Amino acid sequence: AQTVTQSQPEMSVQEAETVTLSCTYDTSESDYYLFWYKQPPSRQMILVIRQEAYKQQNATENRFSVNFQKAAKSFSLKISDSQLGDAAMYFCALIQGAQKLVFGQGTRLTINP
Amino acid sequence: GAGVSQSPSNKVTEKGKDVELRCDPISGHTALYWYRQSLGQGLEFLIYFQGNSAPDKSGLPSDRFSAERTGGSVSTLTIQRTQQEDSAVYLCASSFGRVGYGYTFGSGTRLTVV
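Structure report, in brief. Everything quoted here is computed from the prediction, not taken from an experiment.

1. Notes on the overall build of chain A
Thinking step 1. The number of helices and strands found in chain A is zero helices and twelve strands.
Thinking step 2. Counting from the amino terminus, helix and strand elements in chain A follow one another as β-β-β-β-β-β-β-β-β-β-β-β.
Thinking step 3. On the principal axes, the C-alpha backbone points of chain A span a range of 40 × 25 × 20 Å.
Thinking step 4. Expressed as a percentage of the 113 residues in chain A, the buried residues total 50%.
Thinking step 5. Long-range contacts, defined here as pairs at least 24 residues apart, represent 53% of the contacts in chain A between residues at least 6 apart.

2. Structural notes on the state of the cysteines
Each disulfide consists of a covalent bond between the sulfur atoms of two cysteine residues.
All names here are of chain A.
Thinking step 1. One pass over the structure, following the stated rule, counts two disulfides over all chains.
Thinking step 2. A disulfide bridge connects Cys23 with Cys92, and the sulfur atoms are separated by 2.0 Å. Between Cys23 and Cys92, the S-S dihedral sits near -70°, and the bridge is therefore left-handed. Placement of the pair is Cys23 in the loop between β3 (19-21) and β4 (24-26) and Cys92 in strand β10 (residues 88-95), with a sequence separation of 69 residues.

3. Overview of the interface of chain A and chain B
When the parts of a complex come together, some accessible area is lost, and that lost area is often used as the size of the interface.
Thinking step 1. At the junction of the two partners, chain A supplies 19 residues and chain B supplies 27 residues.
Thinking step 2. When chain A packs against chain B, the two sides together hide about 1900 Å² of surface, and 49% of this comes from carbon and sulfur.
Thinking step 3. Applying the counting criterion to the chain A and chain B interface returns one salt bridge.
Thinking step 4. Note that Lys100(A) is salt-bridged to Asp56(B), the shortest N-O span being 3.4 Å.
Thinking step 5. Where chain A touches chain B, the interface holds ten residue pairs in polar contact (both at pLDDT 80 or more).

4. Observations concerning the pattern of salt bridges
All names here are of chain A.
Thinking step 1. In total, this model carries eight salt bridges over all chains according to the counting rule given.
Thinking step 2. Residue Lys73 pairs with Asp26 through a salt bridge whose shortest N-O separation is 3.1 Å. Within this pair, whereas Lys73 is found in the loop between β8 (64-69) and β9 (74-79), its partner Asp26 is found in strand β4, the two being separated by 47 residues in sequence.
Thinking step 3. Of the residues examined, Lys73 reaches a relative accessible area of 26% and is grouped as partly exposed.
Thinking step 4. Two residues, Glu52 and Arg50, come together in a salt bridge whose shortest N-O distance is 3.1 Å.
Thinking step 5. Owing to a relative accessible area of 12%, Glu52 belongs among the buried residues under this scheme.
Thinking step 6. A residue is classified by how much of its surface remains accessible, and Arg50, at 30% relative accessible area, is partly exposed.

5. Considerations on the side chain of Gln6(B)
Residues and elements named next belong to chain B.
Thinking step 1. By the secondary structure assignment, Gln6 is in strand β1 (residues 5-7).
Thinking step 2. Engagement of the side chain of Gln6 in a polar contact is seen with the backbone nitrogen of Cys92, the distance being 2.9 Å.
Thinking step 3. Within the structure, Gln6 has its side chain in polar contact with the backbone nitrogen of Gly108 (distance 3.0 Å).
Thinking step 4. Contact partners of Gln6, with chain neighbours within four places excluded, come to Arg22, Cys23, Trp34, Tyr90, Leu91, Cys92, Gly106, Ser107, Gly108 and Thr109.

Cut-off values and rules
- Residues numbered from 1 in each chain as written.
- Chains lettered and ligands numbered in written order.
- Predicted model: local features only at pLDDT ≥ 70, side-chain atom pairs only at ≥ 80, totals over all residues.
- Heavy atoms only, no water.
- Helix = DSSP H or I, 4+ residues; strand = E, 2+ residues; numbered from the N terminus.
- Buried < 20%, exposed > 50% of the residue type's maximum accessible area, 1.4 Å probe, protein only.
- Contact = heavy atoms within 4.5 Å.
- Disulfide = S-S within 2.5 Å.
- Buried area = accessible area lost by both parts, 1.4 Å probe.
- Salt bridge = Lys/Arg side-chain N within 4 Å of Asp/Glu carboxyl O.
- Polar contact = N/O pair within 3.5 Å; in protein donor to acceptor, adjacent residues only side chain to side chain.

Next up, the structure:
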């Protein structure tokens with residue numbers, strides 16, 4: 001069975017600085033997809049970024065980028081130029097053939113003005 | 001619709017009562033998922049629909065929990081004889097059902113059992 005682990009329950013960063021959220025996972029499959037979701041107080045999960053395991057190039061979306069290390073089964077999220085609106089819970093997630101997203105426990109990110 | 005709609009947004013019920021939670025997915029999304037999120041926790045998978053059938057209901061915690069989907073659209077999650085440990089946010093998501101595409105989530109129903 002696949003598992004996703006986020007070892008940082010909470011992180012904080014100064015506004016305009018860069019922060020990295022960690023995620024490790026375990027799967028026996030070679031073809032899978034990884035995601036980072038953001039959950040603000042509104043509760044709605046918002047897709048931040050997506051990575052296909054067969055692509056070596058790290059995905060980027062504006063200020064958000066990932067460091068995907070397939071051999072190490074690591075998938076960290078880097079947020080550059082942090083903004084107050086980035087404050088939220090961030091969840092790392094994995095999906096493979098079963099089409100069921102498996103989530104980590106989440107990291108609460110605080111942005112200090 | 002433009003997004004995944006869930007109702008009610010909040011529900012307070014007495015222990016032992018039955019509750020129904022509704023999810024209206026994005027039009028054209030064939031796959032629908034229910035997750036449960038307890039306070040400060042990650043998301044726990046409950047059940048997955050492809051069309052009207054549920055190929056994976058492995059996450060339903062007990063036989064008090066059931067779900068159905070009609071017309072390949074709206075889904076209802078029913079919890080019978082609610083218990084205090086059922087208190088959580090219930091999130092619904094939908095997708096095109098193709099592997100690799102992320103889900104679109106609703107804002108959830110916060111259920112409180114008193």
